[in-house]
Amino acid sequence: MQKRNFSRRDALWEKFEKANAVRAKVLDEVKFIRSWAQNPLRTGAVTPSGPELAAKMASYLAPRPNASVVELGPGTGVVTKALFDRGYAHSQLTLIEYCPEFCDLLTRRYPGLNVVQGDAYALRGTLSAANRLPEGKSDGRHSLDGIVSSLPLLTRPEPARKALLAEALELLKPGAPFIQFSYGLVAPVKPAGRGISVYSSEWVWKNLPPARVWVYRKGH
């Protein structure tokens, strides 16, 4: 009888956890839709990235001791979770989010995480103002092990996109990746200059809408 009671309790707890997960997903989507409705050019997507796309983005990073990774436009934290699942610690991540509401959500969801409310298109200045550049490197050159971006790049003019990529590659260590997803058929940023490689993943069809991951690297 006791074993049967435990089985029923476990089944009820499992249903409760599933209901909470569905509720959290719905609330995240509501926040995303509200943010998109208020400013479509800033938010870009109507719903958060799916877990498959987030896992694909995180797969291009290899966690190691003392690594420093910056996430741009984390929104509700889907890619952030994928980075944790990949093996990154809170102390290794810095998130830059423009929307104060998403900043509050991320701070509550991941206590102790470095969440910076600021402009990702002024990347070096935002990191410097938040004291998130490594000590001894005031300009931050070649100091980051990876940048993961969910910014809606295609809503910005091409010069702004190129400027962001150039600044990001300057902050990254030689060969470290700048990772960006896109719904477009071509690369979201056409790299300018020599020594920059661009790689495109296969389509992630389970995402809505389907998307690809673009990885930029530069040797210095």
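How each quantity is defined
- For every chain, the first residue of the written sequence is number 1, and numbering continues from 1 onward in sequence order.
- Given that this is a predicted model, residues contribute local features only at a pLDDT of at least 70 and side-chain atom pairs are listed and counted only at 80 or more, while totals for whole chains, interfaces and linings are drawn from all residues.
- Side-chain measures were taken over the full set of non-hydrogen atoms in the model, leaving aside hydrogen atoms and water.
- Each residue is assigned to one of three classes by its accessible area relative to the maximum for its type, calculated with a 1.4 Å probe on protein chains only: buried under 20%, partly exposed between the two thresholds, exposed over 50%.
- In this description a helix means any DSSP run of H or I spanning at least four residues, a strand means any run of E spanning at least two, and both kinds are numbered starting from the N terminus.
- Strands are labelled as partners when DSSP assigns at least two bridges between them.
- When the strands point away from the viewer, a crossover counts as right-handed if the route from the first strand across the helix to the second turns clockwise.
- Salt bridges are identified by distance alone: a Lys or Arg side-chain nitrogen within 4 Å of an Asp or Glu carboxyl oxygen.
- The pLDDT score gives, residue by residue, the confidence of the prediction method on a 0 to 100 scale.
- Between two residues, a contact is recorded if the distance between any of their heavy atoms is within 4.5 Å.
- Only the stretch in contact is used when a helix axis is fitted, and all axes are lines through C-alpha atoms; the angle between N-to-C directions ranges over 0 to 180 degrees.

## Brief notes about the pairing of strand 1 (residues 69-72)
Item 1. Burial along strand 1 is two-sided: the residues Val69 and Glu71 and Val70 and Leu72 are all buried.
Item 2. Here strand 1 pairs with strand 2 (residues 93-97) via four bridges, running parallel. Across the sheet, the residue bridging to leucine 72 is isoleucine 96, located in strand 2.
Item 3. Assessed by its sense of winding, the connection that carries the chain from strand 1 through helix 4 (residues 78-86) to strand 2 is right-handed.

## Here's the deal with the pattern of salt bridges
Item 1. Evaluation of the coordinates by the stated rule reveals eight salt bridges.
Item 2. Notably, a salt bridge pairs arginine 64 with aspartate 145, separated by 3.3 Å at the nearest N-O pair. A residue pair is termed long-range when its members are at least 10 positions apart, and arginine 64 in the loop between helix 3 (51-58) and strand 1 and aspartate 145 in the loop between helix 6 (123-129) and strand 4 (146-149) qualify at 81 residues.
Item 3. When the shortest N-O distance is used, the salt bridge between aspartate 145 and lysine 173 registers 3.1 Å. Here the residue aspartate 145 occupies a position in the loop between helix 6 and strand 4, and lysine 173 occupies one in the loop between helix 7 (158-171) and strand 5 (178-182), the gap between them amounting to 28 residues.
Item 4. Taking the relative accessible area as the measure of exposure, lysine 173 reaches 32% and is therefore partly exposed.
Item 5. One network of salt bridges, with partners in common, ties together Arg124, Arg141, Glu167 and Glu170.

## A few points about the confidence of the model for the protein
Interpretation of this model should avoid reading the predicted coordinates in detail wherever pLDDT is low.
Item 1. When pLDDT is averaged along the protein, the result is 84; 76% of the residues meet or exceed 70.
Item 2. Note that residues 35-44 has pLDDT below 50 and, in this model, 16 contacts with residues that lie over four places away or in other chains.

## Considering the environment of glycine 175
Item 1. Mapped onto the secondary structure, glycine 175 falls in the loop between helix 7 and strand 5.
Item 2. Looking at glycine 175, the relative accessible area reads 29%, which means it is partly exposed.
Item 3. Note: C-alpha distance between glycine 175 and lysine 218 (43 residues apart in sequence) is 5.2 Å.

## A look at the pairing of strand 5
Item 1. The element strand 5 is largely enclosed, with a buried count of five among its five residues.
Item 2. Residue alternation in strand 5 divides its side chains into two sets, Phe178, Gln180 and Ser182 and Ile179 and Phe181, and both sets are buried.
Item 3. Strand direction decides the pairing type here: strand 4 and strand 5, joined by three bridges, are parallel. Looking at the pairing, serine 149 lines up with glutamine 180 of strand 5.
Item 4. Regarding the hand of the β-α-β motif, the stretch spanning strand 4, helix 7 and strand 5 is right-handed.
Item 5. Two elements, strand 5 and strand 7 (residues 212-218), share five bridges in a ladder whose sense is antiparallel. Residue pairing for strand 7: isoleucine 179 is matched across the bridge by valine 215.

## Examining the sheet that holds strand 3 (residues 114-117)
Think of a sheet as strands paired side by side through backbone hydrogen bonds, with each pair either parallel or antiparallel.
Item 1. Pairing is mixed in the open sheet, where seven strands are placed in the order 3-2-1-4-5-7-6. If you trace the sheet from one side to the other, it starts and ends with strand 3 and strand 6 (196-200), each paired once. The mean angle between the axes of side-by-side strands here comes to 20°, regardless of whether they run parallel or antiparallel.

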